[in-house]
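So the chains spell out like this:
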Amino acid sequence: MGHWLMKSEPDVFGIEDLAKARRKTTHWDGVRNYQARTYLRDGMRVGDLAFFYHSNCDEPAIVGIVEVVRAGYPDHTAFDANDAHFDADSDPKQPRWFMVDVRFTRKLARPITLATLRNHSAGALKGLALLRRGNRLSVMPVSVAHWKFILGLA
DNA sequence: GCCAACGTTGGC
DNA sequence: GCCAACGTTGGC
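Just so you know, these numbers come straight off a predicted model, no measurement behind them.

A. Quick look at the overall build of chain A. A tally of helices and strands in chain A yields 5 helices and 6 strands. Traced from its N-terminal end to its C-terminal end, chain A shows the element sequence β-α-α-β-α-β-β-β-α-β-α. Along the three orthogonal principal directions, the C-alpha set of chain A runs to about 45 × 30 × 30 Å. Look at the contacts in chain A between residues 6 or more apart in sequence, and 73% of them connect residues 24 or more apart. For chain A, the exposed surface amounts to about 8,400 Å²; the carbon and sulfur share of it is 48%. Both charge centroids of chain A, one from 22 positive and one from 17 negative side chains, sit 7 Å from each other.

B. Looking closely at the protein's contact with DNA strand B. Surveying the vicinity of DNA strand B reveals the residues Lys7, Tyr53, Ser55, Asn56, Pro60, Leu114, Arg118, Asn135, Arg136 and Leu137. In this structure, Tyr53 approaches DNA strand B through a side-chain N or O atom, which is 2.8 Å from a phosphate oxygen. Between DNA strand B and the protein, one listed contact pairs a base oxygen with a side-chain N or O atom of Arg136 at 2.6 Å. Residue classes in the surface near DNA strand B are distributed as 4 nonpolar, 3 polar and 3 charged.

C. How the structure looks around helix H3 (residues 34-43). Taken together, the buried positions of H3 are occupied by Ala36, Arg37 and Leu40. Here the buried residues of H3 occupy an arc of 105° about the axis, which is enough to place them on one side. Among the structural elements, strand E4 (61-74), strand E5 (98-113) and strand E6 (139-141) are those in contact with the buried residues of H3. Between a side-chain oxygen at the N-terminus of H3 and the backbone nitrogen of Gln35 the separation is 3.0 Å; the capping residue is Asn33.

The rules we used
- Residues numbered from 1 in each chain as written.
- Chains lettered and ligands numbered in written order.
- Predicted model: local features only at pLDDT ≥ 70, side-chain atom pairs only at ≥ 80, totals over all residues.
- Heavy atoms only, no water.
- Helix = DSSP H or I, 4+ residues; strand = E, 2+ residues; numbered from the N terminus.
- Contact = heavy atoms within 4.5 Å.
- Areas by Shrake-Rupley, 256 points an atom, 1.4 Å probe, with all protein chains shown as cover.
- Lys, Arg positive; Asp, Glu negative; His and termini not counted.
- Charge placed at Lys NZ, Arg CZ, Asp CG, Glu CD.
- Near = heavy atom within 4 Å.
- Polar contact = N/O pair within 3.5 Å; in protein donor to acceptor, adjacent residues only side chain to side chain.
- Nonpolar A, V, L, I, M, F, W, Y, C, P; charged D, E, K, R; others polar.
- Buried < 20%, exposed > 50% of the residue type's maximum accessible area, 1.4 Å probe, protein only.
- Arc of directions from axis to C-beta.

As structure tokens, then:
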């Protein structure tokens, strides 16, 4: 089973939005980065777990856990000219952008802040993609060891 | 193929 | 709001 971290801006779509969503499930659409796309398309499997991370906000932090309930399939918003993530060059016959469906599992008792994670950047969390300088990936893998350690921080 | 310019991300 | 870092674009 794979482990991941998925970023979302709480002002746009936060953990509370997912918890309130129908069937507590959402399409993870709008990712327009090739590396993240490849993780969505080829890496994520049904049953994988992911940390839900709040980015670009007052307190960047891991706030919850979600489960992948549908593996990668074409992101239809790329074909919708009215969508903010429309990609005119994307061909429906050969989709460029993919998404998965994720379902709310639980919120953490308290958020694990980016600052807390950084405290371990040279130790137990060495190599965690989230802590790479200038990291802009919105979907990234988390090793089992890192996953367990982070859960222990909660 | 190089690389400068640009738009975006995201922490602070 | 600022700005560093990054990915993408497009001229050459």
